[in-house]
Amino acid sequence: MKKIFYGLFIGTILNVAYFGWEFQEYIYYFFEPCQQCNNKEIRDCEFCEDGYQIEYGKNCINGKIAIECEDCVNEKCTKCNGIQESIEDFCFTCNGKGFTKVKIAGNEDCPQIKEPCLYCDAKGQITCTGCIKGCFHCRGTGEKDCFQCIGGKLIDGDQEIACFFCEGKGYEICDKCNGTGDH
């Protein structure tokens, strides 16, 4: 009986050692400091500035409202609808003639269109996925951002409507870990 117990004990140790060796990268991952974002676990939202996307209107050149230059010579189009050979075909940007009016930057500044960034839920920071020690699906928080809304509100023109995806909370309970933050 003693020999069976020793055999099971040694077998267990060998199995643990084998799996430890085989999956050591994954084991180290949970104990070593995060290299991706210097162990801060939060990094800047690279798609937006301070949680907002800033866009300019379509008729802008270098931040100034574009105006058509009446005295300038018409500019020859090199492409029509992205195809170089079809300049003879009707092209809206080239007025169907292969030439377009030259636009230049005026004196008036373009209005900035500032919209909340959907990627980081207008917070300006996101959790660093390389640092997560819990559930990857919800970044270890137990909640996941509701990407359809900002702060629980859908923005429709001038109206703010409570988001029906997350019932106005701004986040959803993670379906992978049921709100525990671990899986």
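Bear in mind the structure is a predicted one, so any value in this text is a computation, not a measurement.

Asks: How should the pattern of salt bridges be read in this particular structure?
Replies: For side chains bearing opposite charge, pairing can occur when the charged atoms are close. In this structure the tally under the stated criterion is five salt bridges. The partner of aspartate 175 in a salt bridge is lysine 144, and the shortest N-O contact between them spans 3.9 Å. With aspartate 175 in the segment after strand 13 (171-173) and lysine 144 in strand 10 (residues 143-145), this pair connects stretches of sequence that are 31 residues apart. Here aspartate 175 falls in the exposed class, since its relative accessible area comes to 53%. The class for lysine 144 is partly exposed, based on a relative accessible area of 22%. Ionic pairing is found between glutamate 160 and lysine 153, a salt bridge with its closest N-O pair at 3.7 Å. The exposure class assigned to glutamate 160 is exposed, which follows from its relative accessible area of 55%. Among the ionic contacts, a cluster of salt bridges with common partners joins Asp121, Lys123 and Asp145.

Asks: Where do I start with the state of the cysteines in this structure?
Replies: Disulfide: a covalent bond formed between the sulfur atoms of two cysteine residues. Summed over the entire model, instances satisfying the criterion amount to one disulfide. We note that cysteine 149 lacks a disulfide partner, and the nearest cysteine sulfur, in cysteine 146, lies 3.3 Å from it. Summary of cysteine pairing: cysteine 166 is not part of a disulfide, and the nearest cysteine sulfur, belonging to cysteine 149, is at 3.4 Å.

Definitions and cut-offs
Counting of residues starts from 1 at the beginning of each chain's written sequence and follows it residue by residue. For this predicted model, a pLDDT threshold of at least 70 governs which residues receive local features, and a threshold of 80 or more governs which side-chain atom pairs are given and counted, while totals over whole chains, interfaces and linings are taken from all residues. The basis for the side-chain values is all heavy atoms of the structure; hydrogens and waters are excluded. Think of a salt bridge as a Lys or Arg side-chain nitrogen and an Asp or Glu carboxyl oxygen that are within 4 Å of each other. Numbered from the N terminus, helices here are DSSP runs of H or I no shorter than four residues, and strands are runs of E no shorter than two. Burial classes: relative accessible area under 20% of the type maximum marks a residue as buried, over 50% as exposed, and values in between as partly exposed (1.4 Å probe, protein chains only). Only a pair of cysteine sulfur atoms within 2.5 Å counts as a disulfide in this structure description.

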